[in-house]
Amino acid sequence: MKLLHIDSSPLAQASVSRQLTAAVVQAWQQANPSGEVVYRDVAAVAPAHLDAELLAVAKFGADQNLTPAQQAERALVDTLVDELLSADVVVIGAPMYNFSIPSQLKSYLDRLAQAGRTFRYTESGPQGLAGGRKVILVSSRGGKYAGTPYEAAMDHQEAYLKAFLGFLGMTDVTIIRAEGIAMGPDAKAGALTAANTQIGDLFVAQAA
């Protein structure tokens, strides 16, 4: 068993999403003591935003007469896709920034959408090729959105991630959510307690 652990918050030790992804990984390791963890911090080492030069490789698959920057991009895309496809479980830390996700995480995800590897187009529409793995999405939010009238209009974080992952075929998605963390110490503590309780139940059946 192999787990791919992705962090995207630039807040280091002050990050709630990092604290919770670490707890998820620890719980998985307790249930899978011989399992392998691959870690990628897309905030500390952020993929570049796609410009015209990189886009030719990252999205259109150019592989000949590449510039040095394009050669590096081709190697990065292959590495990131290989990491994803070799994982049985994927843990993604995704804080909400201005109703969406960190741009570093978006740049990472842009590399995963590779025609012929993680999805393909068919006569009946797109088909995801990266299914068969479990995704645990750790969502942290300063405000409270889940179940409110604001959620449908303003959630471009969890909704986007589920849509993107689903496009690649990854539909087995569990969300660990800590929201309201900017609404005072009591709200933050309550959110963390609820999230950690949910994490504690994630792999109980597997461990047993």
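Keep in mind that this is a model prediction, so the values were computed, not measured. Every chain begins its residue count from 1, and numbering advances along the sequence as written. Confidence filtering applies because this is a predicted model: local features only for residues at pLDDT of at least 70, side-chain atom pairs given and counted only at 80 or more, and all residues used for totals across whole chains, interfaces and linings. With hydrogens and water excluded, all non-hydrogen atoms of the structure serve as input to the side-chain values.

Engineer: So what about the sheet that holds strand β7 (residues 173-179)? Which residues, and what values?
Structural biologist: Strands are treated as partners if at least two bridges between them are detected by DSSP. Helix and strand assignments follow DSSP, with helices taken as H or I runs no shorter than four residues and strands as E runs no shorter than two, numbered in order from the N terminus. Strands sit in the order β2-β1-β3-β6-β7 across an open sheet of five strands; the sheet is parallel. For this open sheet the edge positions go to β2 (36-41) and β7, each flanked by a neighbour on one side alone. Across the sheet, the axes of successive neighbouring strands diverge by a mean angle of 15°, strand direction being ignored. By the bridge criterion, six bridges tie strand β1 (residues 2-7) to β2 in an arrangement that is parallel. Only the contacting stretch of a helix is used when fitting its axis, a line to C-alpha atoms as for every element, and angles between N-to-C directions run 0 to 180 degrees.

Engineer: Can you tell me about helix α1 (residues 16-31), naming the residues and giving the values?
Structural biologist: The first and last C-alpha atoms of α1 sit 23 Å apart over 16 residues, in line with the 22 Å expected at 1.5 Å per residue. Whether a residue is buried, partly exposed or exposed follows from its accessible area with a 1.4 Å probe, protein chains only, as a fraction of its type maximum: under 20%, in between, or over 50%, in that order. Of the positions making up α1, those classed as buried are Val 16, Ser 17, Arg 18, Leu 20, Thr 21, Ala 23, Val 24, Val 25, Ala 27, Trp 28 and Ala 31. Helix span is expected to be 1.5 Å times the residue number reduced by one.

Engineer: Explain the pattern of salt bridges to me, using residue names and the numbers behind them.
Structural biologist: The salt bridge criterion pairs a side-chain nitrogen of Lys or Arg with a carboxyl oxygen of Asp or Glu, the two atoms within 4 Å. Scanning all chains against the criterion turns up 13 salt bridges. Between Lys 2 and Glu 36 there is a salt bridge; the shortest N-O distance is 3.9 Å. Placement of Lys 2 in strand β1 and of Glu 36 in strand β2 is noted, with a sequence separation of 34 residues between them. Note on Glu 36: relative accessible area 40%, which makes it partly exposed. Between Asp 110 and Lys 106 there is a salt bridge; the shortest N-O distance is 2.8 Å. One end of the pair, Asp 110, and the other, Lys 106, are both in helix α4 (residues 103-112), four residues apart, so they sit about a helical turn from each other. A single network of salt bridges, built from pairs that share partners, joins Arg 141, Asp 155, Glu 158, Arg 177 and Glu 179.

Geometric values such as these leave the question of function open.
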